[in-house]
Amino acid sequence: GFGLFDLPVVTVRNMQKLFLFLKKCGYKSIYLCYNSGWTGKELDRYFLSKFLWNPDFDLEKELNAYYTGMYGEKIGVIMKQYYELIENSINTVFTGDNFVAHYISGEPYEPIQAQRIFTNILDKMRDLVLEAYNMSKNENDVIKSRMNFVLESFKYCDYTVNDIIADKKMPKSDRDINI
């Protein structure tokens, strides 16, 4: 379904690898057709622009600066955990050529992929989002607004993944999947 376009995609580390490879191959220009309707779009677009200029930089240092700048020091630590949880889960489903083909094609997740990526991390995602959201109540309006958007995006992800499981009568855990 079209709604799968708006599930979280965090692939910053893989994007850097891809752009370093393209630079090594001598590419001078790239056309990006990019759509992301969820909360990670700021993260992805920020780093896409950095990679387009020069993919050779200390990514961990820049990620820390990004999260602190977007959410403040304390909430930034939690949000980094949140996005890395998603990225690590994506990397368990999309690996090697499978990742590159999916990333370059821009296709949305297949329902079984979305289910495998998110089902086992939804509870941890919820815990992190709620912790950060509750902390944001003592922050300025900009951070409150950003955290409200993150919370709403999480609710959409949670609803969509649970709808996939119910609609397709899919197992709720990778342990129940016969591959």
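Residue numbers run consecutively from 1 along every chain, following the written order of its sequence. pLDDT decides what is reported in this predicted model: residues at 70 or higher carry local features, side-chain atom pairs at 80 or more are listed and counted, and totals for whole chains, interfaces and linings draw on all residues regardless. Each side-chain value is worked out from all heavy atoms of the structure, with water and hydrogens disregarded.

Mean pLDDT over the chain: 79, with 74% of residues reaching 70 or higher. A residue's pLDDT is the confidence the predictor assigns to it, expressed on a 0 to 100 scale. Runs of E in the DSSP output that reach at least two residues are strands. Runs of H or I that reach at least four are helices, and both are numbered from the N terminus. The secondary-structure element of the chain with the lowest mean pLDDT is helix α5 (residues 96-105), recorded at 50, while helix α3 (residues 59-71) shows the highest, at 96. Contacts from residues 173-179, a stretch scored under 50 in pLDDT, to residues over four places away or in other chains number 10 contacts. Note on definitions: a residue-residue contact is assigned when non-hydrogen atoms from the two residues lie within 4.5 Å.

Ranked by size, the top nonpolar core spans 38 residues in total, and within it Met79 and Tyr82 carry the most contacts. Within the residue set of this core, elements represented by two or more residues are α1 (12-24), α2 (41-53), α3, α4 (73-93), α6 (111-118), α7 (122-136) and α8 (141-168). In this structure Tyr82 touches Met125, Leu128, Val129, Val150 and Phe154, once residues within four positions along its chain are discounted. As used here, the term nonpolar core means buried Ala, Val, Leu, Ile, Met, Phe, Trp, Tyr and Cys residues forming a set that is joined through side-chain atoms within 4.5 Å. The rule is simple: take the accessible area with a 1.4 Å probe, protein chains only, and divide by the maximum for that residue type; under 20% is buried, over 50% is exposed, in between is partly exposed.

Before going further, it helps to examine the packing of α1 against α4. An axis is simply a line fitted to the C-alpha atoms; with a helix, the fit covers only the stretch in contact. Between two such axes, the angle follows the N-to-C directions and lies from 0 to 180 degrees. Viewed as axis vectors pointing N to C, α1 and α4 meet at an angle of 60°, and their least axial separation amounts to 9 Å. One way to sum up the angle between α1 and α4 is to call them oblique. Contacts from Val12, Arg13 and Asn14 of α1 reach α4 at Glu84, Glu87 and Asn91. Residues belonging to the contact of α1 with α4 are distributed by class as follows: 1 nonpolar, 2 polar and 3 charged. An angle below 35 degrees is treated as roughly parallel, one above 145 as roughly antiparallel, one from 65 to 115 as roughly perpendicular, and anything else as oblique. Gly falls in the polar group here, along with every residue not listed as nonpolar (Ala, Val, Leu, Ile, Met, Phe, Trp, Tyr, Cys, Pro) or charged (Asp, Glu, Lys, Arg).

Attention shifts here to α4. What a helix should span is 1.5 Å times the count of its residues minus one. An ideal rise of 1.5 Å per residue puts 30 Å on 21 residues; α4 measures up with 31 Å between its terminal C-alpha atoms. The set of residues buried in α4 consists of Ile75, Gly76, Ile78, Met79, Lys80, Tyr82, Tyr83, Ile86, Glu87, Ser89, Ile90 and Val93.

Another point: a nonpolar patch on the surface. A surface patch of nonpolar side chains, amounting to about 290 Å² of accessible area, comprises Tyr27, Ile30 and Leu52. Following the sequence through the fold, Leu52 ends up in helix α2. Given a relative accessible area of 45%, Leu52 falls into the partly exposed group. Patch building starts from residues that exceed 30% relative accessible area and form no salt bridge, then joins like charges within 9 Å and nonpolar side chains (Val, Leu, Ile, Met, Phe, Trp, Tyr) within 5 Å. Under the convention used here, a 1.4 Å probe and the Shrake-Rupley method define accessible areas, while residue burial counts only the protein chains that appear. Criterion for a salt bridge: a side-chain nitrogen of Lys or Arg within 4 Å of a carboxyl oxygen of Asp or Glu.

Right, let's talk about the pattern of salt bridges for a bit. Within this structure, the stated rule accounts for 11 salt bridges. Measuring nitrogen to oxygen at the nearest pair gives 2.7 Å for the salt bridge that ties Glu84 to Arg13. Of the two residues, Glu84 is situated in helix α4 and Arg13 in helix α1; the sequence distance between them amounts to 71 residues. The residue Glu84 makes a salt bridge to Lys80 at a minimum N-O spacing of 3.8 Å. Taken together, the residues span about one helical turn, with Glu84 and Lys80 both in helix α4 at a distance of 4 residues. Connected through shared salt-bridge partners, Arg13, Glu60, Lys80, Glu84 and Glu87 make up one network.

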